[in-house]
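Tertiary structure, described
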Amino acid sequence: MQNTYLPDTAWFELAANLTNAATHPIDPETAIKEALASAGIMPEMCREDCEVSEAA
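Nothing here was measured: the structure is a model prediction, and the numbers come from that model. (Residues numbered from 1 in each chain as written. Predicted model: local features only at pLDDT ≥ 70, side-chain atom pairs only at ≥ 80, totals over all residues. Heavy atoms only, no water.)

**Concerning the overall build of the chain**
Counting secondary structure elements, the chain contains 3 helices and 0 strands. Ordered by position from the N terminus, the helices and strands of the chain form the series α-α-α. Taking 10 Å as the expected radius of gyration for a compact globule of 56 residues, we find that the chain reaches 13 Å, considerably beyond that expectation. Each principal axis of the C-alpha distribution contributes one length, and for the chain these read about 35 × 30 × 25 Å. A total accessible area of about 5000 Å² is found for the chain, and carbon and sulfur atoms account for 57% of it. (Helix = DSSP H or I, 4+ residues; strand = E, 2+ residues; numbered from the N terminus. Rg over C-alpha atoms; globule rule 2.2 N^0.38 Å. Areas by Shrake-Rupley, 256 points an atom, 1.4 Å probe, with all protein chains shown as cover.)

**Describing the pattern of salt bridges**
This structure, assessed with the given rule, holds 1 salt bridge. Where Glu 29 meets Lys 33, a salt bridge forms, and the shortest distance between an N and an O atom there is 2.9 Å. Of this pair, Glu 29 and Lys 33 both sit in helix α2 (residues 28–38), 4 residues apart, which is roughly one turn of the helix. (Salt bridge = Lys/Arg side-chain N within 4 Å of Asp/Glu carboxyl O.)

**Some words on a nonpolar patch on the surface**
Residues Leu 6, Trp 11 and Phe 12 make up a contiguous nonpolar surface patch of roughly 350 Å² in combined accessible area. Mapped onto the elements, Phe 12 comes out in helix α1 (residues 8–22). (Patch = residues over 30% accessible without salt bridge, like charges linked within 9 Å, V, L, I, M, F, W, Y side chains within 5 Å.)

**Quick look at the confidence of the model for the chain**
With 91% of its residues at a pLDDT of 70 or more, the chain shows a mean pLDDT of 88. Taken element by element, the predicted model of the chain shows its lowest mean pLDDT in helix α3 (residues 47–55) (71) and its highest in α1 (96). (pLDDT = per-residue confidence, 0-100.)

**Describing the packing of α1 against α2**
Here α1 crosses α2 at 165 degrees, and the two axes come no closer than 8 Å. Our classification of the angle between α1 and α2 gives roughly antiparallel. Between α1 and α2 lies a crossing whose hand is right-handed. Residue-level inspection shows Leu 14, Asn 17, Leu 18, Ala 21 and Ala 22 of α1 in contact with α2, the latter providing Pro 28, Ala 31, Ile 32, Ala 35 and Leu 36. Taken together, the residues of the contact of α1 with α2 break down into 9 nonpolar, 1 polar and no charged. (Axes fitted to C-alpha atoms, helices over the stretch in contact; angles between N-to-C directions. Parallel < 35°, antiparallel > 145°, perpendicular 65-115°, else oblique. Left-handed = near helix turned anticlockwise from the far one by under 90°. Contact = heavy atoms within 4.5 Å. Nonpolar A, V, L, I, M, F, W, Y, C, P; charged D, E, K, R; others polar.)

**Points about the environment of Thr 30**
As for its position among the elements, Thr 30 is in helix α2. The class for Thr 30 is partly exposed, based on a relative accessible area of 34%. A distance of 2.5 Å separates a polar atom in the side chain of Thr 30 from a polar atom in the side chain of Asp 27. (Buried < 20%, exposed > 50% of the residue type's maximum accessible area, 1.4 Å probe, protein only. Polar contact = N/O pair within 3.5 Å; in protein donor to acceptor, adjacent residues only side chain to side chain.)

The structure is reproduced here in structure tokens:
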């Protein structure tokens, strides 16, 4: 695994977004995944789809 360094403001924003997502009353797991995706953190299984959409 490779480290990714975020600017301090992005780091604190991501932490706040994850905290809020974790307390989602219906589906915290999906809310956390959405918060991570919004920060550009995607699962390996999405790599091909993401790289294709970036090339378009």
